[in-house]
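Residue-level structural notes
In case you want the letters, here they are:
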Amino acid sequence: MTYLYHEHSWPQIREAAARKPVCVIPCGTVEQHGPHLPLSTDFITAGMISELAVKQVAPDALLLPTIYYGFNEHHMDFPGTVAIPGPTYIDYAAHVGLSLARHGFDKILYVNGHGSNRPFLEIAAREVCNRTDAFAGLVSWWSLIPREVMERTLTSEMPGGVSHACELETSVLLYLRPDLVDMSKAVKETGFRPGRYMWRDLRVSSPLVFNEQWSRFSRTGIQGDPTLASAEKGRVIVEAVVENLVGLIRELREREILPRVDHHQP
Ligand SMILES: [Zn+2]
């Protein structure tokens, strides 16, 4: 039996839902990733990492079609970016999970590949939890990199070296889809001026949460140092992330959803 949700027929999905697999929904975006990476970078990483993990835990998980577009008004000064407004994105992503809950699935995991999707996917997942008896959550793939692997593989300056189209994303693409990477166009650019309370780095988030139009501080669309990237770094990182994602899916699969209790009546 396939692990791909959309290759089932409806009677097969009815049977699959009874087994209570975890529904994994990759979430990416279509946006500029500097002159050396494709617009598809974030949906490639979310989609391929999700698929590598789901394959290992099937039939305890099903892979949903990727949500390709995301929230990225802040990259619209660069050609190619497609931006979906926040409320539309929340509603759209929530309704994927809400539909799954109506068919009897009770564990829904959004796997995110695009930093700016995070606040919206969190609300989408909470809508699913609030409006159904299913449990939904989101995880961004880079948050599954063990600290030790992060320190061993990434050598970019801190903070600012690991942000966007950087050593991390470029390494992962060099491993997953080297045919789409043009390292001859990779340049270091760390134009965002960090402050004491604000910086851009995926390794440690800054106290101030913010985002602004990227053309204000980046000429190439890069924030970080992709010249330090390698396929070998990408392999080590992807393997560690997939291992953790497998662990997370298994934990969700086993987790009991406790009943609600209405305390209005004594
Ligand atoms: Zn990205």
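To be clear, the structure that these remarks concern was listed above.
Rules of the game
Residues numbered from 1 in each chain as written. Predicted model: local features only at pLDDT ≥ 70, side-chain atom pairs only at ≥ 80, totals over all residues. Heavy atoms only, no water. Core = buried A, V, L, I, M, F, W, Y, C linked by side-chain atoms within 4.5 Å. Buried < 20%, exposed > 50% of the residue type's maximum accessible area, 1.4 Å probe, protein only. Contact = heavy atoms within 4.5 Å. Pairing = 2+ DSSP bridges. Helix = DSSP H or I, 4+ residues; strand = E, 2+ residues; numbered from the N terminus. Right-handed = clockwise from strand over helix to strand, strands pointing away. Salt bridge = Lys/Arg side-chain N within 4 Å of Asp/Glu carboxyl O. Axes fitted to C-alpha atoms, helices over the stretch in contact; angles between N-to-C directions. Parallel < 35°, antiparallel > 145°, perpendicular 65-115°, else oblique. Left-handed = near helix turned anticlockwise from the far one by under 90°.

The next subject is the nonpolar core. Counting 35 residues, the largest nonpolar core has Leu109, Trp141, Ile145, Leu168, Ile237, Leu245 and Ile249 as the members making the most contacts within it. In contact with Ile237, other than residues within four places in its own chain, are Trp141, Ile145, Val149, Thr153, Leu154, Leu168 and Val172.

Another point: the pairing of strand S4 (residues 135-140). The sheet contact formed by strand S3 (residues 107-112) and S4 spans six bridges and is parallel. From the neighbouring strand, Ile108 faces S4, where its bridge partner is Ala136. Running through helix H4 (residues 118-131), the crossover from S3 to the neighbouring parallel element S4 is right-handed.

Another aspect to go through is the pattern of salt bridges. Counted under the stated rule, the structure contains eleven salt bridges. A salt bridge links Arg126 to Glu122; the shortest N-O distance between them is 3.3 Å. You can see Arg126 and its partner Glu122 sitting in helix H4, four residues apart, about one turn around the helix. According to the relative accessible area criterion, Arg126 is exposed, its value standing at 51%. Between Asp182 and Lys185 there is a salt bridge, with its nearest N and O atoms 3.1 Å apart. Judged by relative accessible area, which is 28%, Asp182 ranks as partly exposed. Taken together, the shared-partner salt bridges connect Glu232, Arg235 and Glu239 into one network.

A separate point is the packing of helix H2 (residues 41-57) against helix H7 (residues 231-254). Remark: H2 packs on H7, axes separated minimally by 9 Å, with the N-to-C direction vectors making an angle of 50 degrees. With respect to H7, the element H2 is oriented oblique. The hand of the H2/H7 crossing is right-handed. Taking contact as the criterion, the partners of Ile49, Ser50, Leu52, Ala53, Val54, Gln56 and Val57 in H2 are, on H7, Val238, Val241, Val242, Leu245, Val246, Ile249 and Arg250.

What follows is about the sheet that holds strand S1 (residues 22-27). Taken together, the four strands give an open sheet; going across it, the order is S2-S1-S3-S4, and neighbouring strands pair in parallel fashion. Looking at the sheet topology across the chains shown, the edges are occupied by strand S2 (61-63) and S4. On average, each strand axis in the sheet is inclined to that of its neighbour by 25 degrees, with strand direction left out of account. Here H2 sits on the sheet and contacts S1, S2 and S3; the angle it forms with S1, its principal contact strand, is near 160 degrees.

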